[in-house]
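Structural description and commentary
So the chains spell out like this:
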Amino acid sequence: MAEVRLKDVSKIYDGKVKAIDSVSIEIYDKEFVVLVGPSGCGKSTLLRMIAGLESISDGDIYIDDNLVNELSPKDRDIAMVFQNYALYPHMTVYENMAFGLKIRKFKKEEIKKRVEHASDILDLEELLHRKPKALSGGQRQRVAIGRAIVRKPKIFLFDEPLSNLDAKLRVQMRTEISKLHHRLGATIVYVTHDQIEAMTMGDKIVVLKDGIINQISAPMNLYNHPANKFVAGFIGSPAMNFIRGKIISDSELFFVSTDNLIKIALLTEQQEILKKYTNEEVTIGIRPENIIPSKLINENSYKITTTLDVVEPMGNETIIYFKMGENKMIARIQSGEVLRVNQSFELLINLEYLHFFDGKTEKVIE
């Protein structure tokens, strides 16, 4: 069993800068948990506190019900994979993977057995005699992971391990780490600023902003049911579109944008939810894939005619940028016709997929 529990954990620098603010998380045995958020949100600091590389200002960290606040990193039975690989340049791949076991006085036979097992899992058998300078970025990252595997730790900690790789290799290594998780049945805590990595790899995602947890949930639940405007805008690529306005009553409820150029008749169930927000400010959110060409008839929709500002053909889909009133918008549509900049184009907003956020708190309205 390998569980991690953080209870009201905080980190304060210089007595005043709060990098982590009363964070509580439960990470279960064999779970792949991703800590995600923008640069400076505290995710790497949190990971380093779990590892014991960073002291805790307040709160408690438990590993398998054992309080580890005062335990040194070597006594926590964890293995960490860093962004910069941290390989010894003068050692071969075999020596790099074996080094941690050697200093722990493992027998040569056991070291050989563990290194060969890890190299088989990671397809490193042909590279064991090479030194890091003779390896590609992806190969170096696999060696760093292999060095963690031979330890047979309770928990694997990954600190933005793919950020130094090119786009194609990142996709490949994402797949490899996911396969490794299932093969080892390991508990993994993984830090990234890349929400695509988070969505594709994690069993559970922890979204952080300014050292505070904004939401903890499964990937698709985060996507479909964000807790607030920040999560809605951070999760998803391209990002969700937002339009600020008010809920007004004209026997029925309407959403009217701040610039008064957009007036959307709300669906019956939306009116029920938004009754208490009559004459109050709200923000509506709509994901780019829920803005569709007008030829795709949808009765629960709002029609707009616009001029395309930017067109990005992606092969199987096209990303288009346009304005709706004074609001800059993005739509992601299936490729079916050649679109051009400055072309007049009709689109439908699928009203069934609107998200509503409180204008003051930015929390979701539901």
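Residues numbered from 1 in each chain as written. Predicted model: local features only at pLDDT ≥ 70, side-chain atom pairs only at ≥ 80, totals over all residues. Heavy atoms only, no water.

To continue, consider the domain arrangement of the protein. When cut into domains, the protein gives domain 1 (4-234) and domain 2 (241-358). Placing a centre on the C-alpha atoms of domain 1 and another on those of domain 2 gives a separation of 39 Å. Interface area, domain 1 with domain 2, both sides summed: about 650 Å², of which 59% is carbon and sulfur. On the domain 1 side of the interface with domain 2, the three residues burying the most area are Tyr-223, Lys-229 and Ala-232, jointly 76% of the side's total. Applying the counting rule to domain 1 against domain 2 returns zero salt bridges. One can count two residue pairs in polar contact (both at pLDDT 80 or more) joining domain 1 with domain 2. (Domains from an automatic or database assignment. Buried area = accessible area lost by both parts, 1.4 Å probe. Salt bridge = Lys/Arg side-chain N within 4 Å of Asp/Glu carboxyl O. Polar contact = N/O pair within 3.5 Å; in protein donor to acceptor, adjacent residues only side chain to side chain.)

Our next topic: the sheet that holds strand S4 (residues 58-63). With antiparallel pairing, the four strands of this open sheet are ordered in space as S2-S1-S4-S5. Looking along the sheet, the strands with just one partner apiece sit at the ends: strand S2 (17-27) and strand S5 (66-67). Against the sheet, helix H1 (residues 43-51) engages strand S1 (4-13), S2 and S4, with an angle of about 115 degrees to S1. (Pairing = 2+ DSSP bridges. Helix = DSSP H or I, 4+ residues; strand = E, 2+ residues; numbered from the N terminus. Contact = heavy atoms within 4.5 Å. Axes fitted to C-alpha atoms, helices over the stretch in contact; angles between N-to-C directions.)

Considering all chains together, one arrives at 17 salt bridges under this definition. With its nearest N and O atoms 3.4 Å apart, the salt bridge here joins Glu-54 to Arg-48. Where salt bridges share partners, they join Lys-11, Arg-48 and Glu-54 into one cluster.

Of all the six residues making up strand S8 (residues 187-192), six are buried; the element is thus mostly covered by neighbouring parts of the structure. Taking every second residue as pointing to the same face, both faces of S8 are buried, with Thr-187, Val-189 and Val-191 on one and Ile-188, Tyr-190 and Thr-192 on the other. By the bridge criterion, five bridges tie strand S7 (residues 155-159) to S8 in an arrangement that is parallel. For Phe-156, the partnering residue across the bridge sits in S8 and is Ile-188. Read as a crossover between parallel neighbours, the route from S7 over helix H5 (residues 167-184) to S8 is right-handed. (Buried < 20%, exposed > 50% of the residue type's maximum accessible area, 1.4 Å probe, protein only. Right-handed = clockwise from strand over helix to strand, strands pointing away.)

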